[in-house]
Amino acid sequence: MSSVVERIAEQIKGLGLSTVYGEATELNGVHIMPVALAFHAFGAGEGRGNGGGAGESVNVNLNGEGEGSGGGGIAASIPFGAYVRDIRGLRFEPNLITLIAVATPLVWVSGSVLKGLARASRKRRR
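This paragraph deals with the overall build of the chain. Tallying secondary structure elements over the chain gives three helices and six strands in all. Mapped in sequence order, the helices and strands of the chain form the string α-α-β-β-β-β-β-β-α. In the chain, 53% of the contacts between residues at least 6 apart in sequence involve partners at least 24 apart. A total of about 10300 Å² of accessible surface is found on the chain, and carbon and sulfur atoms cover 59% of it.

Written out as structure tokens, the structure is:
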């Protein structure tokens, strides 16, 4: 029996550049290659057991048995856009939904910082 870590490693070998740069396709003379941010994280566990005896501080008889297993993980891909090659040349076309999703918190934080700086500047003048 192979370990949990070895089995997970075998399954994620294929994750790599193919998940970041998608399959290039051609549509009406336009070459398109999708681009995404891909990430994955996995956990594992395993166990064995033997031995036994009674616990000294707890009145429990421990049978000499055990086994274990484990697993878990997450994988995600966020589409950023696509490289497009046509008669106008090679360019990057962003995914507008992702762009808005990333820009919204960035604009909010920038606005909050500017607001704080303006307040600090007014207090300093007084």
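What follows covers unusual backbone geometry. Most peptide bonds take the trans form, and the phi angle of most residues other than glycine is negative. One non-glycine residue, Asn28, adopts positive backbone phi at about 55°. With respect to the element layout, Asn28 can be found in the loop between β1 (25-27) and β2 (30-42). Since its relative accessible area comes to 77%, Asn28 is described here as exposed.

With that settled, consider a nonpolar patch on the surface. On the surface, Tyr21, Leu37, Phe39, Ile78, Phe80, Tyr83, Leu90, Phe92 and Val102 cluster together into a nonpolar patch covering about 790 Å² of accessible area. For the nonpolar patch, the secondary-structure elements that each account for two or more residues are β2, β5 (73-86) and β6 (89-94). Here the nonpolar patch takes three residues from β5, the largest share from any one element. Structurally, the position occupied by Phe39 is in strand β2.

Next up on the list: the environment of Gly45. Position of Gly45 among the secondary structure elements: in the loop between β2 and β3 (53-54). Of the residues examined, Gly45 reaches a relative accessible area of 25% and is grouped as partly exposed.

Reading across the sheet, the four strands line up as β1-β2-β5-β6 and stay open at both edges, with antiparallel pairing between neighbours. Edge positions in the open sheet fall to β1 and β6, since each of these has one partner strand only. Strand after strand, the sheet turns through a mean of 30° between neighbouring axes, direction not considered. In the sheet, β2 pairs with β5 via 12 bridges, with the strands oriented antiparallel.

Looking now at a positive patch on the surface. Judged by side-chain charge, Lys115, Arg119, Arg122, Lys123 and Arg125 come together as a positively charged surface patch. You can see Lys123 is positioned in helix α3 (residues 96-125). The exposure class assigned to Lys123 is exposed, which follows from its relative accessible area of 66%.

Calculation criteria
- Residues numbered from 1 in each chain as written.
- Predicted model: local features only at pLDDT ≥ 70, side-chain atom pairs only at ≥ 80, totals over all residues.
- Heavy atoms only, no water.
- Helix = DSSP H or I, 4+ residues; strand = E, 2+ residues; numbered from the N terminus.
- Contact = heavy atoms within 4.5 Å.
- Areas by Shrake-Rupley, 256 points an atom, 1.4 Å probe, with all protein chains shown as cover.
- Buried < 20%, exposed > 50% of the residue type's maximum accessible area, 1.4 Å probe, protein only.
- Patch = residues over 30% accessible without salt bridge, like charges linked within 9 Å, V, L, I, M, F, W, Y side chains within 5 Å.
- Salt bridge = Lys/Arg side-chain N within 4 Å of Asp/Glu carboxyl O.
- Pairing = 2+ DSSP bridges.
- Axes fitted to C-alpha atoms, helices over the stretch in contact; angles between N-to-C directions.
- Lys, Arg positive; Asp, Glu negative; His and termini not counted.
- Charge placed at Lys NZ, Arg CZ, Asp CG, Glu CD.

All quantities given are derived from atomic positions and should not be read as evidence of function.
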